[in-house]
Amino acid sequence: RMSAKEASQEFFGLKHFTWERVSVLYPKGGVLKKKEDKSLGRKTWKERYCCIYYNYFLIYKMGKGAEGKPDAIDNVPKYYILLEKITGEAVAYSEKGVAHPFEIKVNSNTHYFAASSVAQMEEWIRWINSALEQIRSVPPRDGVEQVNNQISRVKEIFPEKAFSLPECPPPSTAERWISEFRRYKEAYKQWSPFIYSLSLFAEFQAGRMKGYQAFWGDRGIGVQKMLVKGEEDALTHWDKIITSCPKELETAMETMFFQEDLAFTINSAKDIVKLIDIHRQFKQEFHSDTTLFYESEKDEIQSLIARLETYPQSVIRSQMHLTTIG
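Every chain is numbered independently, its residues counted from 1 as its sequence is written. In keeping with the model being predicted, local features are shown solely for residues with a pLDDT of at least 70 and side-chain atom pairs are shown and tallied solely at 80 or more, while totals for entire chains, interfaces and linings include all residues. Side-chain measures were taken over the full set of non-hydrogen atoms in the model, leaving aside hydrogen atoms and water.

Caption draft 1: Here's a closer look at the layout of surface pockets. A cavity, in this analysis, means grid points on a 1 Å lattice covering only the protein atoms where a 1.4 Å probe fits yet has no way out; a pocket is instead an open set bounded by protein on both sides within 12 Å along at least five of seven lines, and a residue lines either one if it has an atom within 4 Å of a point. Grid points are joined across faces, edges and corners, and a volume is the space filled by probe spheres set on the points. In this structure, the second largest pocket spans a volume of roughly 230 Å³. Together, 11 residues line the second largest pocket, and Lys-34, Asp-37, Lys-43, Thr-110 and His-111 are the ones closest to its centre. Helix and strand assignments follow DSSP, with helices taken as H or I runs no shorter than four residues and strands as E runs no shorter than two, numbered in order from the N terminus. Elements with a contribution of two residues or more to the lining of the second largest pocket: strand E1 (28-37) and strand E7 (109-114). The residue classification treats Ala, Val, Leu, Ile, Met, Phe, Trp, Tyr, Cys and Pro as nonpolar and Asp, Glu, Lys and Arg as charged. All others, Gly included, are polar. Its residues assigned to classes, the lining of the second largest pocket shows 2 nonpolar, 3 polar and 6 charged.

Caption draft 2: Representation of unusual backbone geometry within the structure. Positioned with a positive phi, His-100 is a non-glycine residue whose angle comes to about 55°. Exposure is judged per residue with a 1.4 Å probe applied to protein chains only, and the accessible area is read against the type maximum: over 50% gives exposed, under 20% gives buried, and values in between give partly exposed. Residue classification places His-100 among the partly exposed residues on the basis of a relative accessible area of 25%. Phi is positive for Asn-107, close to 55°, though the residue is something other than glycine. Turning to its location among the elements, Asn-107 is positioned in the loop between strand E6 (101-106) and E7.

Caption draft 3: Here's a closer look at the side chain of Glu-297. In this structure, Glu-297 sits in helix H8 (residues 295-309). One buried charge, Glu-297, has no salt-bridge partner; the nearest side chain with opposite charge is Arg-280, at 9.8 Å. Residues counted as positive are Lys and Arg, residues counted as negative are Asp and Glu, and His and the chain ends are not counted. Any Lys or Arg side-chain nitrogen found within 4 Å of a carboxyl oxygen on Asp or Glu counts as a salt bridge.

Caption draft 4: Broad picture of the confidence of the model for the chain. pLDDT: the predictor's confidence for each residue, scored from 0 to 100. Per-chain confidence: the chain averages 77 in pLDDT, with 71% of residues scoring 70 or above. Predicted confidence in the chain is weakest over helix H1 (residues 4-10), with a mean pLDDT of 45, and strongest over E6, with 96. Residue contacts are counted whenever heavy atoms from the two residues lie within 4.5 Å of one another. In this model, residues 205-220 is a region of pLDDT below 50 whose contacts with residues beyond four sequence positions or in other chains number 36 contacts. Contacts of residues 321-326 to residues separated by more than four positions or lying in other chains number 3 contacts, the stretch itself having pLDDT below 50.

Caption draft 5: Expanded view of the pairing of strand E2 (residues 43-53). Where E1 and E2 come together, 10 bridges link them in antiparallel fashion. Bridge pairing in E2 links Glu-36 to Thr-44. Bridging between E2 and strand E3 (residues 56-61) involves 6 bridges; their strand directions are antiparallel. When the bridges of E3 are listed, Tyr-53 appears paired with Tyr-56. In this scheme, strands are said to pair when DSSP sees at least two bridges between them. The antiparallel pairing of E2 with E3 creates a hairpin that spans 2 residues between the two strands, and Tyr-54 there sits at a positive phi of about 55°.

Structure follows, in structure tokens:
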């Protein structure tokens, strides 16, 4: 456990870890019970919101919001454990009267935690030990030269300004959008261990290597956030288009007047049918547990398209026809 004074000498101080800063990376975290010192040398179990953030196991006071996450105010951690200082691995242990405990050793000190279930305990042990494995593979602090070539390659794949995905891709560009998303996703998967390692390297430097921290901010966090946000925006946009299409087609059938409008509506609806197929492909590839594929909406849209295609032509006049008469 590092105090604020000790942390300021080499690592980030507690004020660096405001929940606003930490939460943007969707860190692995949740509520655990932590055995802490009380007066007269006694120990007591306290509920804390804990999360893993790079080289830091952050321990916050419980918030009042959902899932115990830290509040917007008073959201600096009480303290943290430096993962690189942990000896051995996180392991389960047995303690009378305590359900699902596990421990972390830091030199001669042992930190005790308890989870709400066996599954949560096993998950936390897996998270911590996975982070430890990553941290122990970090380049040595004096080995900056060794990573320069790799940094150049990552810069080529994730250029600082050119790397972006459209926020709300229309149905006609959905296939191209998914292809671009897949390309970035595969590149990020390939390079994320190195990028994560580099981010830890930058964190170790605690500001002394600002160039590396800036690099990580631009390519590492930026890429991850862009992929998450880009996917959320696209799927939300497509969901809205698909679910609203049947009603819009019904309205079109009641109000349609020009042949050109009819043709445009039919072609747009056919694009949405294609979008449903592309949407299914995307969900199966990136979210295999999803079962929402809009099959009923697809059947309804196709039925409405068939009705529109047989709409009486005699009641639909062309805009060109009206212009000629005028």
